[in-house]
Amino acid sequence: MEHSLSGALSVLGGRPVGKALAEWLGQSQLELEEADLVATGGSGGILVSGFLRDLRPGRTSGMRIVKLVPCSAHADTEPRNHRAALSDRVPGNEDFIDSHLVELDDRTARLDDYWVMIQHPAGDGTEEGMGTLAGLGTDRRTPALVEEVVKGVLGGWNPDPVTGGERRDAGVEPLSAARFVEDMLGESSGRAERAGRWLRERMGPDSGSAWFTLGGNARPLPNPVVLGEGSPLSECQVRLAVRGRAHGDLHPGNILVPVSGKAAADDFWLVDLSWYHRHALLARDPVHLLLCLVADEYLPHMSGPAREELLAALTGEDPACEGPLIPQGLADTVARVRGAMIGWGAVHRINTGWRHQWFLALQACALMVVVRPRYTERDRWWFFRLAAGACRAYLEKAGVEPPGGAVPSAEVPAPPVALAPDPDPDPVPAPAPVAFVPAQARAAPMETVSPAADAPVAEPRTGPAVPSAAGTYAPAADPAVPVPAPSPGAEPCAVEVLAEIWDLFEPVLRHLSSVPVGEVPRHTLEYVMRRATDLGLSLGHPRLVMPRPAGVPDEECREQVLDRLGEVSDRAEELHGVIVQPLRRMQELAHGTGHSGLRALVKSLRDLLDEVRRASAVLSAPRPA
């Protein structure tokens, strides 16, 4: 099986999992030819594409994606859940499953510390190229694509929805609105607890109040993070809690679409089905997809008055998204999503309860954004206000009145002071300087990597890098904080990996912050994708040495850096898909540094370095005895 050995080892090098994969392919009568390591998302997995030759009689060969995912409580469910999604067929949803879910080979195995899965590429083979919906950004195709995705995950996947409360051994119990929101947040995810901690850090003891006011607003708002006893939502019973098959993590990065603008709006494929559930609350997927688009593509560039208009439109009864300051593409997307949801509810005659679940889903999904540190404080406060406003809208529908007495007050931080106009303004905000950054010099790297000759080379630094007024990074005068060299033969530790991430990507950020998109070398993007994938695997490896005793903050820091690495890889892959096409590259030359794909990559690199600095400070802090 020379093809299998050379194919697997050529892209995975001397890593133990490479040899284990090559041996497993041989035992499974498979040969991997023309293998290539491709960019991955934030899962920390390895994706290898290639022509997989199946030597078993009657089996079809072809291009496949070999996916290696580090074993964890979450990853261990992915093969099972993916298969469940493909097999949960009922009359009426077969076409959706066949046309919009990525097919999975019948072989799954555990190799050392990894799960291996073999997936078919998205599409039917006629597409010129594939990219994520996130890569389209605010493209004119986005509203129609999002509408078709919502129609598909509701009507195409669920011709037979069920209604009711919580499943118990004895049957179905009534579901309170508070439990509805908790169910959407995911009880095991800790999101509700993190949202409460986020609010406590800003409101103090008053954060536990069921009602409050924001600034000078005298109208009380329900506290969206209070979901236990005393929550006004606990007094409301949800009518027709609609459940069925759901992706569970539907966001633009998990939706593949053809890159060709001529593709039909219903040409899409869902990937990463590790959170699939056949009995999920169906309002979550469409609303989460919409709010991810708001958070990543629109809100950072919207003025204060435009944000107020959007807040009112989302929490209003009318499906139309009206407001002269709301971007036209966003208004169209919101109206299409709500229209698709209401249309599906009308088919099943469930709109009496289904329409009100829009507000509870808004509350839950907005809180999911609140607990994601990659967003600015201003944006997270906006999503907190959205959660509170949606909660109030639901309570008004349920006939719950706010309290008549005084309630605590919270202050929303003022927007940042505007700086002098930049001759070439970049709407992506520069990160704020902090005191701690990893050192560049170390006695030995975490792993020996031979960079390509055309890979970016880190420039010598004498001190921490701090952002300039233009948003680029330059060395500071203070000496860098030293990182201890690892002992010979010792397992790599998290702080060392963080230092390597900084050293590799800080010079890349400085370079990409100052060049037009037409001068971005293709090999630089390929280097970024490859190294982001490698370092994500190193940082996410189960045997990585963490500070002792490791605690929840340590693991949260690691997860946040892994998320940022995944975003860097995704943004680099999307920009790579633009510049590798000569005609598109020529068309994009006029954009200069204002190209949306380049701005998105620069922002993801800034976010990564900010998270690395924060994580390094946490992991390097002295531990209590």
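In what follows, the structure referred to is the one given above.
I will try to describe carefully the structure that is included in this document. Here the residue numbers are simple positions, counted from 1 along each chain's written sequence. Per-residue local features are limited, in this predicted model, to residues with pLDDT of at least 70; the limit for side-chain atom pairs, both in listing and counting, is 80 or more; totals at the level of whole chains, interfaces and linings are taken over all residues. In computing side-chain properties, one takes all heavy atoms of the structure into account and sets aside hydrogens as well as water.

**Description of the overall build of the protein**
From N to C terminus, the protein includes 18 helices and 18 strands. The contact criterion used throughout is that any non-hydrogen atoms of two residues lie within 4.5 Å. In the protein, of all internal contacts separated by at least 6 residues, the share reaching a separation of at least 24 is 73%. Using a 1.4 Å probe, the Shrake-Rupley method yields the accessible areas, and only the shown protein chains count as cover for residues. Within the structure as shown, the protein displays about 27,100 Å² of accessible surface, and the carbon and sulfur contribution to it stands at 53%. The way it works is that DSSP assigns letters per residue, a run of H or I at least four long becomes a helix, a run of E at least two long becomes a strand, and they are numbered from the N terminus.

**Looking at the environment of valine 146**
Along the chain, valine 146 falls in helix α6 (residues 142–156). For every residue, the accessible area obtained with a 1.4 Å probe (protein chains only) is divided by the maximum for its type, and the residue is called buried under 20%, exposed over 50%, and partly exposed between those limits. Given a relative accessible area of 1%, valine 146 falls into the buried group. A sequence separation of 187 residues divides valine 146 from threonine 333, and the C-alpha atoms of the two residues are 7.1 Å apart.

**Side note on the nonpolar core**
Formed by 106 residues in total, the largest nonpolar core has its most connected members in Trp157, Leu233 and Phe383. Ranked by the residues each element gives to this core, the list is headed by helix α12 (residues 351–370), at 13 residues. When near neighbours in sequence (up to four residues on either side) are disregarded, leucine 233 contacts Ser176, Ala177, Ala178, Val181, Leu227, Leu360, Gln363, Cys391, Tyr394 and Leu395. Here, nonpolar core refers to any group of buried Ala, Val, Leu, Ile, Met, Phe, Trp, Tyr and Cys residues whose side-chain atoms link them within 4.5 Å. Among the nonpolar cores identified, the runner-up in size contains 40 residues, and Leu498, Leu504, Leu565 and Leu598 belong to it.

**Re the sheet that holds strand β14 (residues 269–270)**
By way of backbone hydrogen bonds, the strands of a sheet pair with one another, either parallel or antiparallel. Here, a strand pair is defined by DSSP locating no fewer than two bridges between the strands. The antiparallel open sheet is built from three strands, whose spatial order is β6-β13-β14. The open sheet has two free edges, formed respectively by β6 (130–132) and β14, since each of these has just one partner strand. In the sheet, strand β13 (residues 255–258) pairs with β14 via two bridges, with the strands oriented antiparallel. In the strand pairing of β14, leucine 256 is matched with tryptophan 269.

**Observations regarding the packing of helix α11 (residues 328–347) against α12**
Geometrically, a packed helix pair is captured by the angle between its two axes and the distance between the axes. At their nearest, the axes of α11 and α12 sit 9 Å apart, and the two run at 155° to each other. One element, α11, and the other, α12, form an angle in the roughly antiparallel class. The element α11 and its partner α12 pack so that their crossing is right-handed. Residues Val337, Arg338, Met341, Ile342, Trp344, Gly345 and Ala346 of α11 lie in contact with α12, whose contacting residues are Asn351, Trp354, Arg355, Trp358 and Phe359. In this classification, Asp, Glu, Lys and Arg are treated as charged, Ala, Val, Leu, Ile, Met, Phe, Trp, Tyr, Cys and Pro as nonpolar, and every other residue, Gly included, as polar. Taken together, the residues of the contact of α11 with α12 break down into eight nonpolar, two polar and two charged. Axes here refer to lines fitted to C-alpha atoms; in helices the fit is confined to the stretch in contact. Angles between the N-to-C directions go from 0 to 180 degrees. Angle categories are assigned with fixed cut-offs, so that under 35 degrees is roughly parallel, over 145 is roughly antiparallel, 65 to 115 is roughly perpendicular, and the rest are oblique. Each crossing gets its handedness from the near helix: less than a right angle anticlockwise from the far helix is left-handed, clockwise is right-handed.

**Let's talk about the sheet that holds strand β11 (residues 221–222)**
Pairing in this open sheet of three strands is mixed, and the strands run β11-β10-β16 from one edge to the other. Where the open sheet ends on each side, the last strands, each with one partner, are β11 and β16 (409–410). As paired elements, strand β10 (residues 211–214) and β16 share two bridges and run parallel to each other. Looking at β16, one finds that leucine 214 is bridged to alanine 410.

**As for the side chain of aspartate 272**
If you trace the backbone, aspartate 272 turns up in the loop between β14 and β15 (277–281). A residue is classified by how much of its surface remains accessible, and aspartate 272, at 19% relative accessible area, is buried. In protein, a polar contact requires one atom able to donate a hydrogen and another able to accept it; more generally it is a pair of N or O atoms within 3.5 Å, and residues adjacent in sequence count only if both atoms are side-chain atoms. One polar contact links aspartate 272 to serine 274, side chain to side chain, over a distance of 2.8 Å. Excluding residues within four positions of it along the chain, aspartate 272 makes contact with Lys67, Glu78, His247 and Asn254.

**Here we look at the environment of valine 238**
Note on placement: valine 238 falls in the loop between β11 and β12 (242–246). Overall, valine 238 belongs to the buried group, its relative accessible area being 8%. Excluding anything up to four places from it in sequence, valine 238 contacts Leu175, Ser176, Ala177, Phe180, Gln357, Leu360 and Tyr394.

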